[in-house]
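# Breakdown of the fold
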Amino acid sequence: MDLFLHYLSMPYLLDGVGYTLLITVLGLAGGLVMGVVLAAMQLSRFRALSVVARGYSIIFRGTPLILQMVFCYNALPLIGIKLSAIAAAGLALALNEAPFIAEILRSNVLGVERGQVSAGQALGMTPAAIMRRVIAPQAIRSMVPALGNEAVSALKNSSLASVVAVQELTLRSTQLASATFDFFSVFFASGLIYLVLTGAIAVIQIVVETLLDLDRPPPREQFRRALRVLRPGRPASAPDAADKTADGPLEEISADPLPPASPKSALARPDRDARARRLAGNNVAVEVKELRKSYGRQTVLDGIELDVRAGEVVALLGPSGSGKSTLLRCINRLEGWEDGTIRVGGRFLGNDEGGRALSPRATAQMRASVGVGMVFQQFNLFGHLTARENIAGPLRWVQGLSRLDADRRAQELLERVGLAHRADALPRHLSGGQQQRVAIARAVAPGPSVLLLDEPTSALDPELVGEVLEVIRRLAIEDGLAMVISTHQLRFAGEVADRIVFLAGGSIVEEGPAERMLTQPRHPLTARFLSTMTAE
Ligand SMILES: Nc1ncnc2c1ncn2[C@@H]1O[C@H](COP(=O)(O)OP(=O)(O)OP(=O)(O)O)[C@@H](O)[C@H]1O
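Keep in mind it's a predicted model, so treat the numbers as computed, not measured.

As a structural note, the neighbourhood of the ligand is formed by Tyr-295, Val-300, Gly-318, Ser-320, Gly-321, Ser-322, Gly-323, Lys-324, Ser-325, Thr-326, Glu-455 and Ser-486. When residues of the shell around the ligand are assigned to their parent elements, the largest contribution, three residues, is made by helix H14 (residues 324-331). Looking at side-chain class alone, the shell around the ligand contains two nonpolar, eight polar and two charged residues.

Laid out in C-alpha coordinates, this is it:
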(Lines give C-alpha, C1' and ligand atoms only; values in the text may rest on other atoms or scores of the structure.)
Protein backbone atom coordinates (compact mmCIF):
# COMPACT_ATOMS: atom_id res chain seq x y z
CA MET A 1 0.00 0.00 0.00
CA ASP A 2 2.79 2.37 0.95
CA LEU A 3 4.56 1.67 -2.31
CA PHE A 4 1.37 2.20 -4.22
CA LEU A 5 0.86 5.62 -2.57
CA HIS A 6 4.50 6.41 -3.19
CA TYR A 7 4.13 5.74 -6.95
CA LEU A 8 0.89 7.68 -7.03
CA SER A 9 2.67 10.85 -5.94
CA MET A 10 6.00 10.19 -7.64
CA PRO A 11 7.21 13.22 -9.68
CA TYR A 12 8.55 10.86 -12.37
CA LEU A 13 5.03 9.56 -13.08
CA LEU A 14 3.37 12.94 -12.56
CA ASP A 15 5.67 14.43 -15.20
CA GLY A 16 4.43 11.68 -17.50
CA VAL A 17 0.85 12.86 -16.77
CA GLY A 18 1.90 16.30 -18.06
CA TYR A 19 3.03 14.80 -21.40
CA THR A 20 -0.12 12.68 -21.59
CA LEU A 21 -2.30 15.76 -21.11
CA LEU A 22 -0.24 17.80 -23.57
CA ILE A 23 -0.61 15.21 -26.35
CA THR A 24 -4.32 14.78 -25.58
CA VAL A 25 -4.94 18.53 -25.74
CA LEU A 26 -2.94 18.84 -28.99
CA GLY A 27 -4.82 15.90 -30.49
CA LEU A 28 -8.25 17.11 -29.44
CA ALA A 29 -7.72 20.77 -30.36
CA GLY A 30 -6.18 19.88 -33.72
CA GLY A 31 -8.81 17.21 -34.29
CA LEU A 32 -11.58 19.69 -33.55
CA VAL A 33 -10.22 22.29 -35.99
CA MET A 34 -9.66 19.68 -38.72
CA GLY A 35 -12.98 18.01 -37.88
CA VAL A 36 -14.86 21.28 -38.44
CA VAL A 37 -13.14 21.69 -41.81
CA LEU A 38 -13.84 18.07 -42.80
CA ALA A 39 -17.49 18.30 -41.70
CA ALA A 40 -17.92 21.54 -43.66
CA MET A 41 -16.38 19.88 -46.72
CA GLN A 42 -18.68 16.86 -46.40
CA LEU A 43 -21.75 19.09 -46.06
CA SER A 44 -20.64 21.32 -48.91
CA ARG A 45 -22.66 21.68 -52.11
CA PHE A 46 -19.44 21.06 -54.04
CA ARG A 47 -19.10 17.36 -54.67
CA ALA A 48 -15.32 17.45 -55.12
CA LEU A 49 -14.86 18.79 -51.57
CA SER A 50 -17.07 16.12 -50.07
CA VAL A 51 -15.26 13.37 -52.03
CA VAL A 52 -11.86 14.60 -50.74
CA ALA A 53 -13.19 14.71 -47.16
CA ARG A 54 -14.62 11.21 -47.41
CA GLY A 55 -11.35 9.92 -48.87
CA TYR A 56 -9.46 11.42 -45.92
CA SER A 57 -11.90 9.79 -43.46
CA ILE A 58 -11.51 6.39 -45.07
CA ILE A 59 -7.72 6.55 -44.84
CA PHE A 60 -7.37 7.93 -41.31
CA ARG A 61 -10.18 5.92 -39.75
CA GLY A 62 -9.02 2.79 -41.49
CA THR A 63 -5.38 2.73 -40.38
CA PRO A 64 -4.00 2.21 -36.85
CA LEU A 65 -3.04 5.28 -34.84
CA ILE A 66 0.29 3.70 -33.94
CA LEU A 67 1.27 3.65 -37.64
CA GLN A 68 0.14 7.26 -38.03
CA MET A 69 2.40 8.24 -35.10
CA VAL A 70 5.37 6.48 -36.66
CA PHE A 71 4.54 8.10 -40.01
CA CYS A 72 4.43 11.63 -38.53
CA TYR A 73 7.68 11.14 -36.63
CA ASN A 74 9.74 9.11 -39.14
CA ALA A 75 8.29 9.73 -42.60
CA LEU A 76 7.51 13.46 -42.55
CA PRO A 77 11.22 14.40 -42.17
CA LEU A 78 11.76 12.75 -45.58
CA ILE A 79 9.71 15.55 -47.13
CA GLY A 80 11.39 18.22 -45.02
CA ILE A 81 8.92 18.36 -42.10
CA LYS A 82 10.85 17.55 -38.94
CA LEU A 83 8.77 17.51 -35.78
CA SER A 84 9.64 16.87 -32.15
CA ALA A 85 8.30 13.58 -30.77
CA ILE A 86 5.54 15.41 -28.85
CA ALA A 87 4.49 17.49 -31.88
CA ALA A 88 4.50 14.39 -34.11
CA ALA A 89 2.40 12.43 -31.62
CA GLY A 90 -0.01 15.38 -31.19
CA LEU A 91 -0.32 15.78 -34.95
CA ALA A 92 -0.96 12.08 -35.48
CA LEU A 93 -3.61 12.06 -32.77
CA ALA A 94 -5.25 15.15 -34.32
CA LEU A 95 -5.20 13.58 -37.81
CA ASN A 96 -6.78 10.46 -36.34
CA GLU A 97 -9.40 12.25 -34.23
CA ALA A 98 -10.46 14.61 -37.05
CA PRO A 99 -12.66 12.17 -39.05
CA PHE A 100 -14.39 10.91 -35.89
CA ILE A 101 -15.08 14.45 -34.72
CA ALA A 102 -16.20 15.40 -38.25
CA GLU A 103 -18.77 12.58 -38.20
CA ILE A 104 -20.06 13.75 -34.81
CA LEU A 105 -20.38 17.31 -36.11
CA ARG A 106 -21.97 16.26 -39.39
CA SER A 107 -24.54 13.95 -37.87
CA ASN A 108 -25.57 16.53 -35.26
CA VAL A 109 -25.84 19.28 -37.87
CA LEU A 110 -28.01 17.01 -40.03
CA GLY A 111 -30.01 16.09 -36.92
CA VAL A 112 -31.42 19.62 -36.60
CA GLU A 113 -34.92 19.59 -38.12
CA ARG A 114 -34.83 20.71 -41.74
CA GLY A 115 -38.04 22.65 -41.16
CA GLN A 116 -36.13 25.09 -38.97
CA VAL A 117 -33.74 25.74 -41.85
CA SER A 118 -36.72 26.46 -44.15
CA ALA A 119 -38.13 28.79 -41.50
CA GLY A 120 -34.79 30.61 -41.25
CA GLN A 121 -34.66 30.96 -45.04
CA ALA A 122 -38.24 32.20 -45.13
CA LEU A 123 -37.34 34.83 -42.54
CA GLY A 124 -34.58 36.13 -44.81
CA MET A 125 -31.68 34.65 -42.83
CA THR A 126 -28.53 33.98 -44.86
CA PRO A 127 -27.06 30.44 -44.84
CA ALA A 128 -24.27 31.64 -42.50
CA ALA A 129 -26.80 33.18 -40.10
CA ILE A 130 -28.87 30.00 -40.11
CA MET A 131 -25.77 27.95 -39.33
CA ARG A 132 -24.67 30.30 -36.54
CA ARG A 133 -28.01 31.13 -34.96
CA VAL A 134 -30.12 28.03 -35.55
CA ILE A 135 -28.10 24.93 -36.41
CA ALA A 136 -24.87 25.33 -34.43
CA PRO A 137 -26.46 26.12 -31.03
CA GLN A 138 -28.68 23.04 -31.28
CA ALA A 139 -26.02 20.77 -32.78
CA ILE A 140 -23.46 21.74 -30.12
CA ARG A 141 -25.89 20.83 -27.33
CA SER A 142 -26.56 17.39 -28.71
CA MET A 143 -22.93 16.59 -29.56
CA VAL A 144 -21.50 17.14 -26.04
CA PRO A 145 -21.87 13.48 -24.90
CA ALA A 146 -20.20 12.17 -28.07
CA LEU A 147 -17.39 14.72 -27.77
CA GLY A 148 -16.92 13.64 -24.14
CA ASN A 149 -16.44 10.07 -25.36
CA GLU A 150 -13.98 11.27 -27.96
CA ALA A 151 -11.96 13.15 -25.30
CA VAL A 152 -11.74 10.00 -23.17
CA SER A 153 -10.65 7.90 -26.12
CA ALA A 154 -8.03 10.54 -27.13
CA LEU A 155 -6.62 10.48 -23.59
CA LYS A 156 -6.29 6.72 -23.67
CA ASN A 157 -4.92 6.74 -27.23
CA SER A 158 -2.22 9.20 -26.18
CA SER A 159 -0.46 6.19 -24.57
CA LEU A 160 0.50 5.09 -28.09
CA ALA A 161 2.87 8.10 -28.22
CA SER A 162 5.32 5.86 -26.36
CA VAL A 163 6.08 4.32 -29.77
CA VAL A 164 7.87 7.54 -30.77
CA ALA A 165 9.52 7.76 -27.33
CA VAL A 166 7.33 10.47 -25.81
CA GLN A 167 7.75 10.20 -22.05
CA GLU A 168 4.03 10.03 -21.32
CA LEU A 169 2.42 8.17 -18.45
CA THR A 170 2.29 4.69 -19.95
CA LEU A 171 5.93 4.77 -21.10
CA ARG A 172 7.11 6.05 -17.73
CA SER A 173 5.05 3.41 -15.92
CA THR A 174 6.57 0.69 -18.07
CA GLN A 175 10.08 2.03 -17.47
CA LEU A 176 9.47 2.30 -13.73
CA ALA A 177 8.00 -1.19 -13.53
CA SER A 178 10.96 -2.62 -15.46
CA ALA A 179 13.39 -0.93 -13.11
CA THR A 180 11.62 -1.87 -9.83
CA PHE A 181 10.01 -5.16 -10.90
CA ASP A 182 6.99 -3.95 -8.91
CA PHE A 183 4.63 -4.28 -11.85
CA PHE A 184 1.44 -4.52 -9.82
CA SER A 185 1.85 -1.36 -7.70
CA VAL A 186 3.21 0.74 -10.57
CA PHE A 187 0.50 -0.19 -13.06
CA PHE A 188 -2.19 0.00 -10.40
CA ALA A 189 -1.06 3.57 -9.59
CA SER A 190 -0.85 4.42 -13.28
CA GLY A 191 -4.35 2.97 -13.88
CA LEU A 192 -5.74 5.03 -11.03
CA ILE A 193 -4.19 8.21 -12.47
CA TYR A 194 -5.82 7.46 -15.84
CA LEU A 195 -9.12 6.91 -14.01
CA VAL A 196 -8.84 10.29 -12.29
CA LEU A 197 -8.11 11.98 -15.64
CA THR A 198 -11.04 10.34 -17.43
CA GLY A 199 -13.19 11.08 -14.38
CA ALA A 200 -12.26 14.75 -14.72
CA ILE A 201 -13.37 14.66 -18.35
CA ALA A 202 -16.70 13.11 -17.26
CA VAL A 203 -17.16 15.91 -14.71
CA ILE A 204 -16.38 18.57 -17.34
CA GLN A 205 -18.91 16.89 -19.63
CA ILE A 206 -21.60 16.96 -16.94
CA VAL A 207 -20.90 20.64 -16.17
CA VAL A 208 -21.07 21.59 -19.86
CA GLU A 209 -24.28 19.59 -20.35
CA THR A 210 -25.81 21.30 -17.33
CA LEU A 211 -24.78 24.75 -18.52
CA LEU A 212 -26.23 24.10 -21.97
CA ASP A 213 -29.43 22.51 -20.63
CA LEU A 214 -32.30 24.58 -21.97
CA ASP A 215 -34.55 23.47 -19.13
CA ARG A 216 -32.19 24.95 -16.54
CA PRO A 217 -33.93 27.93 -14.93
CA PRO A 218 -32.22 31.29 -15.63
CA PRO A 219 -29.76 32.46 -12.90
CA ARG A 220 -32.29 34.98 -11.50
CA GLU A 221 -34.88 32.25 -11.06
CA GLN A 222 -32.33 29.91 -9.46
CA PHE A 223 -31.39 32.68 -7.00
CA ARG A 224 -35.06 33.28 -6.19
CA ARG A 225 -35.61 29.58 -5.57
CA ALA A 226 -32.53 29.41 -3.32
CA LEU A 227 -33.80 32.39 -1.32
CA ARG A 228 -37.17 30.74 -0.93
CA VAL A 229 -35.55 27.65 0.49
CA LEU A 230 -33.61 29.77 2.97
CA ARG A 231 -36.57 32.00 3.95
CA PRO A 232 -37.95 30.79 7.27
CA GLY A 233 -41.61 29.93 7.65
CA ARG A 234 -42.24 29.16 3.99
CA PRO A 235 -42.34 25.69 2.56
CA ALA A 236 -39.70 25.30 -0.15
CA SER A 237 -42.23 23.92 -2.56
CA ALA A 238 -44.79 26.72 -2.20
CA PRO A 239 -45.07 28.38 -5.57
CA ASP A 240 -45.34 32.13 -5.72
CA ALA A 241 -46.79 34.23 -8.49
CA ALA A 242 -43.53 34.23 -10.45
CA ASP A 243 -43.59 30.47 -10.64
CA LYS A 244 -46.86 30.53 -12.43
CA THR A 245 -45.23 32.11 -15.42
CA ALA A 246 -41.92 30.29 -15.10
CA ASP A 247 -41.18 27.93 -17.89
CA GLY A 248 -41.09 24.28 -16.93
CA PRO A 249 -41.59 20.98 -18.70
CA LEU A 250 -44.39 19.93 -16.40
CA GLU A 251 -46.24 23.18 -16.63
CA GLU A 252 -49.84 22.76 -17.48
CA ILE A 253 -50.82 24.13 -20.83
CA SER A 254 -53.23 26.85 -19.89
CA ALA A 255 -56.11 28.17 -21.92
CA ASP A 256 -55.00 31.54 -23.20
CA PRO A 257 -57.70 33.46 -24.91
CA LEU A 258 -56.88 36.04 -27.53
CA PRO A 259 -57.25 39.69 -26.57
CA PRO A 260 -60.61 41.20 -27.59
CA ALA A 261 -60.89 41.71 -31.34
CA SER A 262 -60.62 45.24 -32.62
CA PRO A 263 -63.93 46.69 -33.88
CA LYS A 264 -62.42 46.51 -37.36
CA SER A 265 -62.00 42.74 -37.26
CA ALA A 266 -65.42 42.20 -35.73
CA LEU A 267 -66.87 43.52 -38.99
CA ALA A 268 -65.55 40.49 -40.86
CA ARG A 269 -65.90 41.34 -44.54
CA PRO A 270 -69.06 43.45 -44.40
CA ASP A 271 -69.42 44.06 -48.08
CA ARG A 272 -67.64 41.56 -50.27
CA ASP A 273 -68.53 43.25 -53.54
CA ALA A 274 -67.21 46.62 -52.44
CA ARG A 275 -64.06 44.94 -51.14
CA ALA A 276 -63.57 43.02 -54.38
CA ARG A 277 -63.86 46.25 -56.35
CA ARG A 278 -61.35 47.95 -54.09
CA LEU A 279 -58.91 45.05 -54.30
CA ALA A 280 -59.13 45.00 -58.11
CA GLY A 281 -57.51 48.45 -58.12
CA ASN A 282 -54.58 47.36 -55.93
CA ASN A 283 -51.13 46.46 -57.24
CA VAL A 284 -50.33 42.84 -57.94
CA ALA A 285 -48.41 41.52 -54.92
CA VAL A 286 -47.72 38.02 -56.27
CA GLU A 287 -47.65 37.17 -59.95
CA VAL A 288 -47.18 33.56 -61.07
CA LYS A 289 -46.89 32.91 -64.81
CA GLU A 290 -46.78 29.58 -66.61
CA LEU A 291 -45.14 27.88 -63.63
CA ARG A 292 -43.92 24.33 -64.23
CA LYS A 293 -42.18 22.25 -61.61
CA SER A 294 -41.28 18.58 -61.45
CA TYR A 295 -39.72 16.26 -58.94
CA GLY A 296 -37.86 13.78 -61.13
CA ARG A 297 -40.38 12.56 -63.68
CA GLN A 298 -43.40 13.69 -61.68
CA THR A 299 -44.86 17.01 -62.81
CA VAL A 300 -46.08 18.69 -59.64
CA LEU A 301 -47.06 22.11 -60.99
CA ASP A 302 -48.23 22.33 -64.56
CA GLY A 303 -48.61 25.81 -66.02
CA ILE A 304 -49.88 27.68 -62.95
CA GLU A 305 -51.13 31.24 -63.56
CA LEU A 306 -52.02 33.22 -60.47
CA ASP A 307 -52.21 36.89 -59.49
CA VAL A 308 -52.72 37.98 -55.92
CA ARG A 309 -53.40 41.65 -55.30
CA ALA A 310 -52.15 43.66 -52.34
CA GLY A 311 -54.48 43.04 -49.40
CA GLU A 312 -56.20 40.10 -51.07
CA VAL A 313 -56.66 36.79 -49.26
CA VAL A 314 -56.50 33.75 -51.52
CA ALA A 315 -57.24 30.25 -50.24
CA LEU A 316 -55.68 27.33 -52.08
CA LEU A 317 -57.89 24.25 -51.91
CA GLY A 318 -57.26 20.87 -53.44
CA PRO A 319 -56.77 17.23 -52.70
CA SER A 320 -53.62 16.01 -50.98
CA GLY A 321 -50.71 16.01 -53.42
CA SER A 322 -52.26 18.58 -55.76
CA GLY A 323 -49.24 20.87 -55.37
CA LYS A 324 -50.46 23.53 -52.90
CA SER A 325 -47.40 23.42 -50.62
CA THR A 326 -45.03 23.26 -53.57
CA LEU A 327 -46.66 26.35 -55.08
CA LEU A 328 -46.23 28.28 -51.82
CA ARG A 329 -42.61 27.15 -51.50
CA CYS A 330 -41.93 28.24 -55.08
CA ILE A 331 -43.48 31.67 -54.44
CA ASN A 332 -41.06 32.11 -51.54
CA ARG A 333 -38.21 30.66 -53.63
CA LEU A 334 -37.64 27.85 -51.18
CA GLU A 335 -37.86 25.62 -54.26
CA GLY A 336 -36.56 26.09 -57.77
CA TRP A 337 -38.62 25.31 -60.89
CA GLU A 338 -38.08 24.51 -64.55
CA ASP A 339 -40.33 26.95 -66.41
CA GLY A 340 -42.26 30.10 -65.78
CA THR A 341 -41.76 33.18 -63.64
CA ILE A 342 -42.83 34.36 -60.23
CA ARG A 343 -42.76 37.96 -59.09
CA VAL A 344 -43.32 39.04 -55.52
CA GLY A 345 -43.74 42.77 -54.92
CA GLY A 346 -42.79 43.24 -58.57
CA ARG A 347 -39.42 41.51 -58.17
CA PHE A 348 -38.17 38.17 -59.40
CA LEU A 349 -37.30 36.61 -56.05
CA GLY A 350 -33.98 34.81 -56.33
CA ASN A 351 -32.98 36.29 -59.70
CA ASP A 352 -31.06 39.42 -60.66
CA GLU A 353 -32.19 41.95 -63.26
CA GLY A 354 -30.67 39.85 -66.03
CA GLY A 355 -32.61 36.76 -64.92
CA ARG A 356 -29.54 34.99 -63.49
CA ALA A 357 -30.02 32.97 -60.31
CA LEU A 358 -28.74 34.71 -57.18
CA SER A 359 -26.67 33.02 -54.48
CA PRO A 360 -28.57 31.65 -51.45
CA ARG A 361 -27.22 34.60 -49.45
CA ALA A 362 -28.42 37.22 -51.95
CA THR A 363 -31.77 35.43 -52.27
CA ALA A 364 -32.20 35.56 -48.48
CA GLN A 365 -31.48 39.29 -48.47
CA MET A 366 -33.93 39.83 -51.32
CA ARG A 367 -36.60 37.81 -49.50
CA ALA A 368 -36.25 40.12 -46.49
CA SER A 369 -36.35 43.28 -48.59
CA VAL A 370 -39.33 42.14 -50.71
CA GLY A 371 -41.29 41.48 -47.51
CA VAL A 372 -42.64 37.95 -47.75
CA GLY A 373 -43.36 35.86 -44.67
CA MET A 374 -44.26 32.21 -44.38
CA VAL A 375 -46.03 30.01 -41.85
CA PHE A 376 -45.47 26.27 -42.02
CA GLN A 377 -47.62 23.25 -41.30
CA GLN A 378 -45.16 21.98 -38.66
CA PHE A 379 -44.63 25.44 -37.06
CA ASN A 380 -40.83 25.15 -37.43
CA LEU A 381 -40.04 27.28 -34.40
CA PHE A 382 -36.36 27.38 -33.46
CA GLY A 383 -36.25 24.72 -30.75
CA HIS A 384 -33.54 26.29 -28.58
CA LEU A 385 -35.13 29.73 -28.39
CA THR A 386 -38.02 30.95 -26.26
CA ALA A 387 -41.21 32.24 -27.85
CA ARG A 388 -39.97 35.82 -27.47
CA GLU A 389 -36.52 35.02 -28.90
CA ASN A 390 -38.08 33.20 -31.85
CA ILE A 391 -39.68 36.49 -32.83
CA ALA A 392 -37.04 38.96 -31.63
CA GLY A 393 -33.98 37.01 -32.87
CA PRO A 394 -34.70 37.28 -36.61
CA LEU A 395 -35.67 40.94 -36.15
CA ARG A 396 -32.16 41.59 -34.80
CA TRP A 397 -30.26 39.34 -37.20
CA VAL A 398 -32.11 40.20 -40.42
CA GLN A 399 -33.78 43.58 -39.89
CA GLY A 400 -30.97 44.92 -37.68
CA LEU A 401 -33.24 46.04 -34.80
CA SER A 402 -31.69 46.68 -31.41
CA ARG A 403 -32.33 44.08 -28.69
CA LEU A 404 -34.66 46.48 -26.91
CA ASP A 405 -36.75 47.27 -29.99
CA ALA A 406 -36.84 43.65 -31.11
CA ASP A 407 -37.98 42.47 -27.65
CA ARG A 408 -40.60 45.19 -27.51
CA ARG A 409 -41.98 44.22 -30.92
CA ALA A 410 -41.94 40.54 -29.95
CA GLN A 411 -43.85 41.27 -26.76
CA GLU A 412 -46.44 43.33 -28.67
CA LEU A 413 -47.02 40.49 -31.10
CA LEU A 414 -47.19 37.88 -28.37
CA GLU A 415 -49.86 39.98 -26.68
CA ARG A 416 -51.71 40.16 -29.94
CA VAL A 417 -51.77 36.38 -30.31
CA GLY A 418 -52.71 35.95 -26.64
CA LEU A 419 -49.37 34.48 -25.53
CA ALA A 420 -47.61 37.30 -23.69
CA HIS A 421 -47.56 35.19 -20.52
CA ARG A 422 -45.67 32.40 -22.36
CA ALA A 423 -42.96 34.68 -23.76
CA ASP A 424 -40.20 32.79 -21.92
CA ALA A 425 -41.45 29.32 -22.80
CA LEU A 426 -39.51 27.06 -25.13
CA PRO A 427 -41.44 25.70 -28.12
CA ARG A 428 -41.49 22.18 -26.65
CA HIS A 429 -43.37 23.50 -23.63
CA LEU A 430 -46.12 25.00 -25.77
CA SER A 431 -49.13 23.25 -27.26
CA GLY A 432 -49.29 22.91 -31.04
CA GLY A 433 -51.81 25.74 -31.27
CA GLN A 434 -49.61 28.00 -29.16
CA GLN A 435 -46.55 27.14 -31.25
CA GLN A 436 -48.39 28.01 -34.42
CA ARG A 437 -49.53 31.32 -32.94
CA VAL A 438 -45.91 32.15 -32.10
CA ALA A 439 -44.90 31.10 -35.62
CA ILE A 440 -47.51 33.44 -37.09
CA ALA A 441 -46.32 36.27 -34.84
CA ARG A 442 -42.74 35.56 -35.98
CA ALA A 443 -43.73 35.64 -39.65
CA VAL A 444 -45.56 38.96 -39.39
CA ALA A 445 -42.99 40.59 -37.07
CA PRO A 446 -40.90 42.20 -39.86
CA GLY A 447 -44.11 43.66 -41.37
CA PRO A 448 -44.27 41.66 -44.61
CA SER A 449 -46.62 42.68 -47.40
CA VAL A 450 -47.23 39.07 -48.42
CA LEU A 451 -47.90 36.19 -46.02
CA LEU A 452 -47.87 32.59 -47.21
CA LEU A 453 -49.52 30.02 -44.93
CA ASP A 454 -48.98 26.37 -45.69
CA GLU A 455 -51.79 24.36 -44.09
CA PRO A 456 -51.34 26.22 -40.81
CA THR A 457 -53.82 24.04 -38.90
CA SER A 458 -53.40 20.58 -40.36
CA ALA A 459 -50.87 19.43 -37.72
CA LEU A 460 -53.13 20.53 -34.86
CA ASP A 461 -55.61 18.64 -32.72
CA PRO A 462 -59.16 19.68 -33.63
CA GLU A 463 -59.67 21.63 -30.39
CA LEU A 464 -56.63 23.81 -31.14
CA VAL A 465 -57.57 24.70 -34.71
CA GLY A 466 -60.00 27.46 -33.76
CA GLU A 467 -57.46 29.60 -31.87
CA VAL A 468 -55.03 29.59 -34.81
CA LEU A 469 -57.72 30.33 -37.39
CA GLU A 470 -58.91 33.25 -35.29
CA VAL A 471 -55.39 34.73 -35.24
CA ILE A 472 -55.17 34.41 -39.03
CA ARG A 473 -58.67 35.82 -39.51
CA ARG A 474 -57.77 38.89 -37.48
CA LEU A 475 -54.51 39.38 -39.35
CA ALA A 476 -56.30 39.13 -42.66
CA ILE A 477 -58.88 41.70 -41.69
CA GLU A 478 -56.88 44.06 -39.49
CA ASP A 479 -53.49 44.10 -41.25
CA GLY A 480 -54.54 44.08 -44.88
CA LEU A 481 -51.74 41.68 -45.86
CA ALA A 482 -51.85 39.82 -49.13
CA MET A 483 -52.24 36.22 -48.01
CA VAL A 484 -52.09 32.92 -49.79
CA ILE A 485 -53.33 30.15 -47.53
CA SER A 486 -53.32 26.50 -48.34
CA THR A 487 -56.04 24.95 -46.18
CA HIS A 488 -58.60 22.21 -45.83
CA GLN A 489 -60.83 24.35 -43.60
CA LEU A 490 -63.72 25.18 -45.91
CA ARG A 491 -65.67 27.32 -43.43
CA PHE A 492 -62.59 29.34 -42.62
CA ALA A 493 -61.78 29.77 -46.33
CA GLY A 494 -65.35 30.95 -46.95
CA GLU A 495 -65.19 33.43 -44.10
CA VAL A 496 -61.71 34.87 -44.61
CA ALA A 497 -60.73 34.42 -48.25
CA ASP A 498 -61.66 36.82 -51.00
CA ARG A 499 -60.95 34.19 -53.61
CA ILE A 500 -60.60 30.43 -53.67
CA VAL A 501 -58.26 28.73 -56.10
CA PHE A 502 -58.84 25.01 -56.58
CA LEU A 503 -55.87 22.90 -57.62
CA ALA A 504 -55.88 19.31 -58.84
CA GLY A 505 -52.97 17.40 -60.35
CA GLY A 506 -50.74 20.48 -60.33
CA SER A 507 -53.13 22.69 -62.33
CA ILE A 508 -55.64 25.33 -61.37
CA VAL A 509 -58.93 23.70 -62.22
CA GLU A 510 -61.21 26.50 -61.08
CA GLU A 511 -61.05 29.78 -59.21
CA GLY A 512 -63.49 32.46 -58.17
CA PRO A 513 -64.99 34.45 -55.30
CA ALA A 514 -64.91 32.38 -52.13
CA GLU A 515 -68.65 32.33 -51.54
CA ARG A 516 -69.49 31.30 -55.09
CA MET A 517 -66.79 28.61 -55.18
CA LEU A 518 -68.09 27.01 -52.01
CA THR A 519 -71.78 27.16 -52.87
CA GLN A 520 -71.80 26.82 -56.67
CA PRO A 521 -68.65 25.09 -57.88
CA ARG A 522 -68.57 24.81 -61.67
CA HIS A 523 -65.98 22.10 -62.20
CA PRO A 524 -66.93 18.51 -61.31
CA LEU A 525 -63.58 17.99 -59.51
CA THR A 526 -64.23 21.01 -57.28
CA ALA A 527 -67.76 19.82 -56.55
CA ARG A 528 -66.55 16.33 -55.69
CA PHE A 529 -63.78 17.68 -53.43
CA LEU A 530 -66.19 19.99 -51.61
CA SER A 531 -68.78 17.28 -51.06
CA THR A 532 -66.11 14.90 -49.74
CA MET A 533 -64.75 17.54 -47.38
CA THR A 534 -68.23 18.52 -46.19
CA ALA A 535 -69.11 14.87 -45.57
CA GLU A 536 -65.98 14.52 -43.40
N1 LIG B 1 -39.15 17.21 -52.02
C2 LIG B 1 -39.93 16.43 -52.77
N3 LIG B 1 -39.40 15.44 -53.51
C4 LIG B 1 -40.17 14.66 -54.30
N5 LIG B 1 -41.50 14.82 -54.42
C6 LIG B 1 -42.09 15.78 -53.71
C7 LIG B 1 -41.35 16.63 -52.85
N8 LIG B 1 -42.20 17.51 -52.27
C9 LIG B 1 -43.43 17.21 -52.74
N10 LIG B 1 -43.36 16.16 -53.60
C11 LIG B 1 -44.48 15.59 -54.34
O12 LIG B 1 -45.14 16.64 -55.02
C13 LIG B 1 -46.53 16.44 -55.01
C14 LIG B 1 -47.20 17.69 -54.46
O15 LIG B 1 -46.87 17.81 -53.10
P16 LIG B 1 -47.40 19.02 -52.22
O17 LIG B 1 -46.85 18.82 -50.86
O18 LIG B 1 -47.12 20.30 -52.90
O19 LIG B 1 -48.96 18.75 -52.24
P20 LIG B 1 -50.10 19.38 -51.35
O21 LIG B 1 -51.23 19.71 -52.25
O22 LIG B 1 -49.56 20.48 -50.53
O23 LIG B 1 -50.47 18.13 -50.44
P24 LIG B 1 -50.97 18.12 -48.92
O25 LIG B 1 -52.34 18.77 -48.92
O26 LIG B 1 -51.04 16.67 -48.58
O27 LIG B 1 -49.94 18.86 -48.14
C28 LIG B 1 -46.80 15.20 -54.17
O29 LIG B 1 -47.02 14.12 -55.06
C30 LIG B 1 -45.53 15.00 -53.40
O31 LIG B 1 -45.30 13.63 -53.18
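Counting 131 residues, the largest nonpolar core has Met-69, Ala-89, Ile-331, Met-483, Val-484 and Ile-500 as its most contacted members. Each of domain 1 (2-212) and domain 2 (271-385 + 431-535) gives at least three residues to this core. In this structure, Ile-331 is in contact with Val-286, Val-288, Ile-342, Val-344, Leu-452 and Val-484, ignoring residues within four places of it in sequence.

Take the sheet that holds strand S5 (residues 372-375) next. Taken in spatial order, the six strands of this open sheet run S5-S6-S7-S3-S8-S9, and their pairing is mixed. What marks the edges here is a single partner per strand, and that holds for S5 and strand S9 (507-513). When the angles between neighbouring strand axes are averaged without regard to direction, this sheet yields 15°.

Looking now at the UniProt feature "domain: ABC transporter" (unreviewed entry) in the protein. Within this structure's numbering, the places UniProt gives as "domain: ABC transporter" (unreviewed entry) are residues 286-530. Overall, residues 286-530 shows 39% helix and 24% strand. The separation of its end C-alpha atoms is 26 Å.

A few words now on the sheet that holds strand S1 (residues 284-295). Spatially, S2-S1-S4 is the arrangement adopted by the three strands of the open sheet, whose pairing is antiparallel. Of all the strands in the sheet, just strand S2 (298-309) and strand S4 (339-344) have a single pairing partner and so form its edges. Between one strand axis and the next, the sheet turns through 15° on average, direction left out of account. Looking at chain direction, S1 and S2 are connected through nine bridges and run antiparallel. The residue of S2 that forms the bridge with Val-288 is Leu-306.

What counts as what
Residues numbered from 1 in each chain as written. Predicted model: local features only at pLDDT ≥ 70, side-chain atom pairs only at ≥ 80, totals over all residues. Near = placed C-beta within 6 Å. Helix = DSSP H or I, 4+ residues; strand = E, 2+ residues; numbered from the N terminus. Nonpolar A, V, L, I, M, F, W, Y, C, P; charged D, E, K, R; others polar. Core = buried A, V, L, I, M, F, W, Y, C linked by C-beta atoms within 7 Å. Buried ≥ 20, exposed ≤ 12 C-beta atoms within 10 Å, placed from the backbone. Domains from an automatic or database assignment. Contact = placed C-beta atoms within 7 Å. Pairing = 2+ DSSP bridges. Axes fitted to C-alpha atoms, helices over the stretch in contact; angles between N-to-C directions. UniProt positions renumbered as here; feature names shortened; annotations may be inferred.

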